[in-house]
Amino acid sequence: MKKLLLTSFLITAPLLAVVNIAPVDVGAKPGLSGHIAGTATTKRGNTEKDEYSGDLKIQYDEGTDYVAWGVLSYNYGEASGVSNEDKAYAHLRFIHKLYGDDWCGELFAQTQNDKFRSIQARTLGGAGIRWRFFNTEAWGRGYAGLGAFYEYVDYSDSQINPTENTARLNSYAAYTKGFGEASRLSYIGYYQPRLNETGDYIVSQTLELKLKIYLQLSLSFKFDYDYDAAPPAGVKKEDIVQTTSLVWDF
């Protein structure tokens, strides 16, 4: 009965989709695992608003050599019958140990669309190396990653924003610190300039505090900051999002 009540609460509460940002280590959680979240929010009367979102993550940790995971998420919103958010995202990543426990190779692929950033389809694939430069009980874990990816971007207003085929450097720094029972603080920051034009770059940062509530149910507080130095015409350079979400891990 308790699990049924928690599941019902998870489905009906006003959540936002969650993409887990904590770095994944090979052997940290062997076997199959993941999380799921979803929402349907309707407001009528003085406020006319609808929001729908969902998120699913599946991970398989082989235990000694590699770990693979994938994320699917979708967000839709409208106010007074007019759509103001419509985007989908999918990401796959494969991490394999290279040397000891601290050096890993990464392969990744991603596809997404975002109607209100004029992105009809953005598809990319790439590879890189990740270094875990510290790992302590007191201070948590720190990571640095370096690689590259090739991206194809098809804009919905192609006459104004022509299709892009570009290669970008992919560099990032990440940190995570667990505390209490299954709670943690995590940060990841990306810097992704075009290889042939460094003035065209993307900066993305996410800070998350995840607190365990009961069993597999957690509360997540996230702050996202994205900056595109050369966005498509009619799109702002900055996006800032703050979310408070519920997450069910399995």
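My aim in this report is to walk through the structure given alongside it, one point at a time.

On inspection of all chains with the given rule, the structure shows 11 aromatic pairs. Taking the centre distance of 5.8 Å and the plane angle of 50° together, the rings of Tyr 191 and Tyr 201 count as tilted. Here Tyr 191 is found in strand 9 (residues 183-194), whereas its partner Tyr 201 is found in strand 10 (residues 197-214), with 10 residues between them in sequence. Given a relative accessible area of 35%, Tyr 191 falls into the partly exposed group. Residue Tyr 201 is classed as partly exposed on the basis of its relative accessible area, which comes to 25%. Taken together, the ring pairs in this structure connect Trp 103, Trp 131, Phe 133, Phe 134 and Tyr 175 into an aromatic cluster. Just above the ring of Trp 69 sits the side chain of Lys 57; from NZ or CZ to the centre is 4.9 Å.

A few words now on the pairing of strand 8 (residues 164-179). Looking at chain direction, strand 7 (residues 140-155) and strand 8 are connected through 13 bridges and run antiparallel. Bridged to Tyr 143 within strand 8 is Ala 174. Bridging between strand 8 and strand 9 involves 10 bridges; their strand directions are antiparallel. If you follow Lys 177 over to strand 9, its bridge partner there is Leu 185. Taken together, strand 8 and the strand that follows it, strand 9, pair antiparallel across an intervening segment of three residues, in which Gly 180 is found at a positive phi of about 60°.

Before going further, it helps to examine the environment of Ser 245. Turning to its location among the elements, Ser 245 is positioned in strand 12 (residues 238-249). With relative accessibility at 2%, the residue Ser 245 sits in the buried group. Counting along the chain gives 25 residues from Ser 245 to Ser 220, while the straight-line C-alpha distance between them is 5.0 Å.

Moving on: the environment of Ile 213. Relative to the helices and strands, Ile 213 resides in strand 10. Sequence separation between Ile 213 and Gln 112 is 101 residues; the distance between their C-alpha atoms is 31 Å. Not counting residues within four places of it along the chain, the set of residues in contact with Ile 213 comprises Ser 218, Leu 219 and Leu 246.

With that out of the way, let us pick up the pattern of salt bridges. With the rule as written, the count across this model stands at 16 salt bridges. For the salt bridge of Asp 25 with Arg 141, the shortest nitrogen-to-oxygen distance reads 2.6 Å. Here Arg 141 lies in strand 7 and Asp 25 lies in the loop between helix 1 (2-12) and strand 1 (31-43), a separation of 116 residues in the sequence. Judged by its relative accessible area of 23%, Arg 141 is partly exposed.

Reading the values: rules and limits
- Residues numbered from 1 in each chain as written.
- Predicted model: local features only at pLDDT ≥ 70, side-chain atom pairs only at ≥ 80, totals over all residues.
- Heavy atoms only, no water.
- Phe/Tyr/Trp six-rings, centres within 6.5 Å; stacked < 30°, edge-to-face > 60°.
- Helix = DSSP H or I, 4+ residues; strand = E, 2+ residues; numbered from the N terminus.
- Buried < 20%, exposed > 50% of the residue type's maximum accessible area, 1.4 Å probe, protein only.
- Lys NZ or Arg CZ within 6 Å of the ring centre and 35° of its normal.
- Pairing = 2+ DSSP bridges.
- Contact = heavy atoms within 4.5 Å.
- Salt bridge = Lys/Arg side-chain N within 4 Å of Asp/Glu carboxyl O.

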